[in-house]
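Summary of the model geometry
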Amino acid sequence: MVETLFEDIFRVDTLDPDGKKFDRVSRISARSEQFDMLMHLDINTEIYPMRAGEKFMMVLASTLNLDGTPDSGYYTPGNRKSLADKFDYVMQGKLYRISEETREKQVKADMYVSFGGLLMMLKGDPSIAARFELDQKLFILLRKV
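Sequence order as written defines the numbering, with residues in each chain counted from 1. With the structure being a predicted model, the display of local features is reserved for residues of pLDDT at least 70 and the display and counting of side-chain atom pairs for 80 or more, all residues being used for whole-chain, interface and lining totals. Calculation of side-chain values draws on the structure's entire complement of heavy atoms; hydrogens and water are dropped beforehand.

**Some remarks on the sheet that holds strand E1 (residues 6–15)**
For clarity, the cut-off: Strand pairing requires that DSSP identify at least two bridges connecting the strands. Here a strand is any run of E in DSSP of at least two residues, a helix any run of H or I of at least four, and the numbering for each starts at the N terminus. Working convention: axes come from line fits to C-alpha atoms, limited for helices to the stretch in contact. Angles between N-to-C directions cover 0 to 180 degrees.
Spatially, E1-E2-E3-E7-E6-E5-E8-E4 is the arrangement adopted by the 8 strands of the closed barrel, whose pairing is antiparallel. Direction aside, the axes of adjacent strands within the sheet are offset by 35° on average. Alignment of strand E2 (residues 25–32) against strand E3 (residues 38–44), held across 7 bridges, turns out to be antiparallel. If you follow Ala30 over to E3, its bridge partner there is Met39.

Below, the structure is given as C-alpha cells:
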C-alpha cells in the first residue's frame with residue numbers, strides 16, 4: 001500500500017488573488033480543514049476548472065505505485081493500476097524550498113514545489129514539513145469532493 005506524505009480536504013477561498021496572469025492557468029488560494037494549512041496552487045483551469053467555495057482532496061505522494069515502490073521516472077503504459085486512478089488531476093514536481101518563519105510566537109513552515117512551472121506554496125505546521133526533503137520528487141493529486 002502506498003504511503004502518502006500529506007493529505008487533507010481544502011476549500012478554495014479565492015481564484016487569482018494577485019490578478020489573472022495567464023489565460024489557461026489560475027492561482028487558487030485554499031485552506032485545509034484538518035491541519036489548517038494555507039495553499040497557493042497554480043492549476044491549468046482549461047482542463048481542471050476550479051471555483052471559489054469548492055472543496056477538493058489534495059494528496060502529496062512520492063510515488064504513484066500502489067505497492068509503494070519508488071517511481072522510475074518514466075511513463076510505462078499498460079493496465080497497471082496506480083494511485084492516480086483515484087484522482088482527477090495529477091502533476092509531478094520537485095520541492096525546491098523549505099523555510100520557517102516566526103510571527104507572534106507562532107512558527108509556520110513554508111514549502112515550495114514546482115510542477116513544471118506551475119507552482120505550489122504550502123504553509124502551516126512545521127511537523128508536516130518535517131516529512132519532506134529538499135529536492136524531493138513529489139506527485140500532487142486532486143479530486144473534488
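**Concerning the environment of Glu54**
Short version of the rule: We call two residues in contact whenever any of their non-hydrogen atoms come within 4.5 Å of each other. Polar contacts here mean pairs of N or O atoms no more than 3.5 Å apart (in protein, one a potential hydrogen donor and the other a potential acceptor; neighbouring residues in sequence count only if both atoms are side-chain atoms).
Here Glu54 lies in the loop between E3 and strand E4 (55–61). Beyond its immediate sequence surroundings of up to four residues, Glu54 is in contact with Phe10, Arg11, Val12, Pro49 and Lys144. Among the polar contacts made by the side chain of Glu54, one reaches the main-chain amide nitrogen of Arg51 at a distance of 2.9 Å.

**A short note on unusual backbone geometry**
To keep things clear, this is the line we draw: Throughout this description, buried means an accessible area under 20% of the type-specific maximum (1.4 Å probe, protein chains only), exposed means over 50%, and partly exposed covers the range between.
Its identity as a non-glycine residue notwithstanding, Asp16 has a phi of 50°, on the positive side. Residue position: Asp16 is located in the loop between E1 and E2. Look at Asp16 and you get buried, because its relative accessible area is 16%.

**Re the layout of surface pockets**
If a probe the size of a water molecule is rolled over the atoms, the empty space left behind becomes visible. Operational definition: Of the grid points, spaced at 1 Å and generated over the protein atoms alone, those admitting a 1.4 Å probe that cannot get out make up cavities, while open sets with protein on both sides within 12 Å along at least five of seven lines make up pockets; any residue with an atom within 4 Å of a point is treated as lining. Grid points are joined across faces, edges and corners, and a volume is the space filled by probe spheres set on the points. Each residue receives one of three labels: charged for Asp, Glu, Lys and Arg, nonpolar for Ala, Val, Leu, Ile, Met, Phe, Trp, Tyr, Cys and Pro, and polar for the others, Gly being one of them.
As a volume, the largest pocket reaches approximately 410 Å³. Together, 17 residues line the largest pocket, and Leu64, Tyr74, Tyr75, Thr76 and Arg80 are the ones closest to its centre. Residues that form the lining of the largest pocket fall into these classes: 6 nonpolar, 7 polar and 4 charged.

**Topic: the nonpolar core**
Applicable threshold: Buried residues of nine kinds, namely Ala, Val, Leu, Ile, Met, Phe, Trp, Tyr and Cys, make up a nonpolar core once their side-chain atoms join them within 4.5 Å.
Residues Leu41, Phe56, Met58 and Leu122 are the most contacted members of the largest nonpolar core, which totals 32 residues. At 4 residues, the largest contribution of residues to this core is made by strand E6 (residues 106–115). In this structure Phe56 touches Asp8, Ile9, Phe10, Val12, Ile28, Ala30, Met39, Met50, Leu142, Arg143, Lys144 and Val145, once residues within four positions along its chain are discounted. Formed by 9 residues, the second largest nonpolar core is a distinct cluster that contains Val2, Met57, Leu64 and Phe87.

**Considerations on the packing of aromatic side chains**
Quick reminder of the rule: Ring geometry is summarised as follows: Phe, Tyr and Trp rings, the Trp one being its six-membered ring, pair when their centres sit within 6.5 Å, and such pairs are stacked at plane angles under 30 degrees, edge-to-face over 60 and tilted between the two.
Using the criterion set out here, one finds 5 aromatic pairs in the structure. With 5.7 Å between their ring centres and 45° between their planes, Phe6 and Phe35 make a pair best called tilted. With Phe6 in strand E1 and Phe35 in the loop between E2 and E3, the pair connects residues that are 29 residues apart, well separated along the chain. Given a relative accessible area of 31%, Phe35 falls into the partly exposed group.

**Focus: the pairing of strand E7 (residues 118–124)**
Counted residue by residue, E7 has 5 buried out of 7 residues, so it is predominantly covered. Pairing geometry for E3 and E7, over 4 bridges, is antiparallel. Its bridge partner being in E7, Leu41 is matched across the sheet by Met120. Joining the antiparallel neighbours E6 and E7 is a turn of 2 residues, in which Gly116 adopts a positive phi near 60°.

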